[in-house]
Amino acid sequence: MANPIVIDTYKDHRMAMAFAPLSIKLGELTINNPEVVSKSYPRFWNDLRKAGFSIEEIK
């Protein structure tokens, strides 16, 4: 990817949850600290997968 899109969550679960669907328009993006969603919606990433999103965990 020429200009990778990286979203910093700043330890705020709302940032990850708000920006994840943006991949529909922009394509691939990276969300730093995706585990922050466990605070309010621990199954968020699994539910996005069920909705058809392709999610890859980078280690």
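Each value, and the rule that gives it
- Residues numbered from 1 in each chain as written.
- Predicted model: local features only at pLDDT ≥ 70, side-chain atom pairs only at ≥ 80, totals over all residues.
- Heavy atoms only, no water.
- Phe/Tyr/Trp six-rings, centres within 6.5 Å; stacked < 30°, edge-to-face > 60°.
- Buried < 20%, exposed > 50% of the residue type's maximum accessible area, 1.4 Å probe, protein only.
- Salt bridge = Lys/Arg side-chain N within 4 Å of Asp/Glu carboxyl O.
- Helix = DSSP H or I, 4+ residues; strand = E, 2+ residues; numbered from the N terminus.
- 1 Å grid on protein atoms, 1.4 Å probe; cavity = no way out; pocket = protein on both sides within 12 Å on 5 of 7 lines; lining within 4 Å.
- Points joined across faces, edges and corners; volume = space filled by probe spheres on them.
- Nonpolar A, V, L, I, M, F, W, Y, C, P; charged D, E, K, R; others polar.

Engineer: Let's hear about the packing of aromatic side chains: which residues, and what values?
Structural biologist: In the structure shown here, the tally under the stated rule is two aromatic pairs. Centroid distance Tyr41 to Phe44: 5.4 Å. Interplanar angle 75°. Geometry classified as edge-to-face. Among the residues examined, Phe44 registers a relative accessible area of 7% and is labelled buried. Consider the rings of Phe44 and Trp45, whose centres lie 4.8 Å apart with planes at 75°: the pair is edge-to-face. Each of the two residues, Phe44 as well as Trp45, counts as buried. Counting every residue linked through ring pairs, the aromatic cluster contains Tyr41, Phe44 and Trp45.

Engineer: Explain the pattern of salt bridges to me, using residue names and the numbers behind them.
Structural biologist: Scanning the model with the defined rule gives one salt bridge in all. For Arg14, the salt bridge goes to Asp12, with nearest N and O atoms at 2.8 Å.

Engineer: Tell me about unusual backbone geometry, and name the residues and values.
Structural biologist: Leaving glycine out, the prevailing phi sign among residues is negative, and the prevailing peptide bond configuration is trans. In the Ramachandran plot, Tyr10 falls in the positive-phi region, its phi being about 55° despite a non-glycine side chain. Among the secondary structure elements, Tyr10 is positioned in the loop between strand E1 (6-7) and helix H1 (13-19). Accessibility expressed as a relative area gives 65% for Tyr10, which makes it exposed. The backbone of Asn33 shows a phi angle near 60°, a positive value even though the residue is not glycine. With respect to the helices and strands, the residue Asn33 is situated in the loop between strand E2 (30-31) and helix H3 (44-50). Residue Asn33 is classed as partly exposed on the basis of its relative accessible area of 42%.

Engineer: Please provide a residue-by-residue account of the layout of surface pockets, values included.
Structural biologist: The computed volume of the largest pocket comes to approximately 640 Å³. Lining of the largest pocket is provided by 18 residues; of these, Leu29, Ile31, Ile55, Glu56 and Glu57 occupy positions nearest its centre. Those elements giving two or more residues to the lining of the largest pocket turn out to be E2 and H3. Counting residues per element, the lining of the largest pocket draws most heavily on H3, which supplies three residues. Residues belonging to the lining of the largest pocket are distributed by class as follows: nine nonpolar, five polar and four charged.

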